Amino acid sequence: MSDKKAFPEHVAIILDGNGRWAEKRGRERTFGHQAGAANVKTIVRAAGHMGIKVLTLYAFSTENWKRPALEVRFLMRLFKNYLISQLRELVVDNVQVHIIGDVSALTESLQKEIDACERETAANDGMVLNVAINYGGRREIVRAASLMAEIVKKGEMDISEITEESFGSFLYPSASSDVDLLIRTGGESRISNFLLWQTSYSELYFTPVLWPDFTETELRKAVTWYTTRDRRFGGLNEEES
């Protein structure tokens, strides 16, 4: 096998299917979001035990503001309560938590909870968990370009120093490494503006399993599938060379 990374170091997951999961049970969509939030800790702990170094979860996109106002308000309350109760419990699992995205659009109370959660887990040196809230891949790239342009404008960087590597350093730091395996639950086959820069060479795994039903067994299934992939990064394997 020509793959230099037989096991994925950075796994990203698009958490899709909460609403449909609830509707199948004759319940409100918010019931599905609650079930999906409860599943996060299970999968985070499973990923840590498997040896995954970075796990990035897509919780709320910049486009999700278009959803019904009642659902959006519920999700914001859920994020706040989840940060208070569950993510902070990950301290005992040595998980370092980061929230990526434009948090300035969130309520002041939620921003305070985010800051507290990140501070309380900052000393942990185990798996890095990124939760994307009000995140968009295009917006992240534009943000990085703006930050880099400001540095160049100040004379602190020459245009000749702009490379893929230097540009990558202006992305959200905790999630800037290349994604090895991108998983999307819920049956859709698209990446929905998620980590566009970081997923350039990712293996894409689409499963019909709805997020609340995505278990440790399903995660292991995805990782096992990844280990069978021949990752050549544009080159040839030994038999073709």
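Quick note: structure is the one above.
Residues numbered from 1 in each chain as written. Predicted model: local features only at pLDDT ≥ 70, side-chain atom pairs only at ≥ 80, totals over all residues. Heavy atoms only, no water.

Draft legend 1. Structural detail: helix H3 (residues 69-85). Its 17 residues give H3 an end-to-end C-alpha distance of 24 Å, which sits within 8% of 24 Å, the value for a rise of 1.5 Å per residue. Every buried residue belonging to H3 is among Glu71, Val72, Phe74, Leu75, Met76, Leu78, Phe79, Tyr82 and Leu83, and all of these are buried. Those residues of H3 that are buried lie in contact with helix H2 (29-50), strand E2 (54-61), strand E3 (96-100), helix H4 (108-121) and strand E4 (128-135). (Helix = DSSP H or I, 4+ residues; strand = E, 2+ residues; numbered from the N terminus. Expected span 1.5 Å × (residues − 1). Buried < 20%, exposed > 50% of the residue type's maximum accessible area, 1.4 Å probe, protein only. Contact = heavy atoms within 4.5 Å.)

Draft legend 2. Structural context of the packing of aromatic side chains. Inspection of the entire model under this criterion finds ten aromatic pairs. Between Phe60 and Trp65, the aromatic rings sit 5.0 Å apart at their centres with planes inclined by 80°, giving edge-to-face as the arrangement. The exposure class of Phe60 is buried, given its relative accessible area of 1%. Look at Trp65 and you get partly exposed, because its relative accessible area is 35%. Each member of the aromatic cluster is reached from another via a ring pair, and the members are Tyr58, Tyr135, Tyr172 and Phe194. Its end group placed over the ring of Phe31, Arg27 keeps NZ or CZ at 3.8 Å from the ring centre. (Phe/Tyr/Trp six-rings, centres within 6.5 Å; stacked < 30°, edge-to-face > 60°. Lys NZ or Arg CZ within 6 Å of the ring centre and 35° of its normal.)

Draft legend 3. Focus on the pattern of salt bridges. A full pass over the atoms with the stated rule returns 17 salt bridges. As a salt-bridge pair, Arg25 and Asp213 come within 4.0 Å of each other at their nearest N and O atoms. One end of the pair, Arg25, is in the loop between helix H1 (18-23) and H2; the other, Asp213, is in the loop between strand E6 (203-206) and helix H7 (216-227), and 188 residues separate them in sequence. Arg45 serves as the salt-bridge partner of Asp93, at 2.7 Å between the closest nitrogen and oxygen. (Salt bridge = Lys/Arg side-chain N within 4 Å of Asp/Glu carboxyl O.)

Draft legend 4. Spotlight on unusual backbone geometry. The phi dihedral of Ser192 falls on the positive side, at around 50°, and the residue is not glycine. If you trace the backbone, Ser192 turns up in the loop between strand E5 (181-184) and E6. A relative accessible area of 29% places Ser192 in the partly exposed class. Although it is not a glycine, Asn193 adopts a positive phi angle of roughly 65°. On the secondary structure map, Asn193 appears in the loop between E5 and E6. When its relative accessible area of 15% is taken as the criterion, Asn193 is described as buried.

Draft legend 5. Structural detail: the nonpolar core. In this structure, Ile13, Val44, Leu55, Leu87, Leu129, Ile183 and Leu219 are the most contacted members of the largest nonpolar core, which totals 45 residues. When residues in this core are grouped by element, the largest group, eight residues, is from H3. Here Leu55 is in contact with Val11, Ile13, Ile43, Val44, Ala47, Met127, Val128, Leu129 and Asn130, once residues within four sequence places are set aside. By size, the runner-up hydrophobic cluster in this structure holds twelve residues, among which are Ala132, Tyr135, Phe194 and Leu195. (Core = buried A, V, L, I, M, F, W, Y, C linked by side-chain atoms within 4.5 Å.)

Draft legend 6. Region of interest: helix H5 (residues 137-153). With 17 residues, H5 should reach 24 Å at 1.5 Å per residue; the first-to-last C-alpha distance of 24 Å fits that figure. Buried residues along H5 sit against E4 and helix H6 (164-168). At the C-terminal side of H5, Gly155 shows a positive phi close to 80°.

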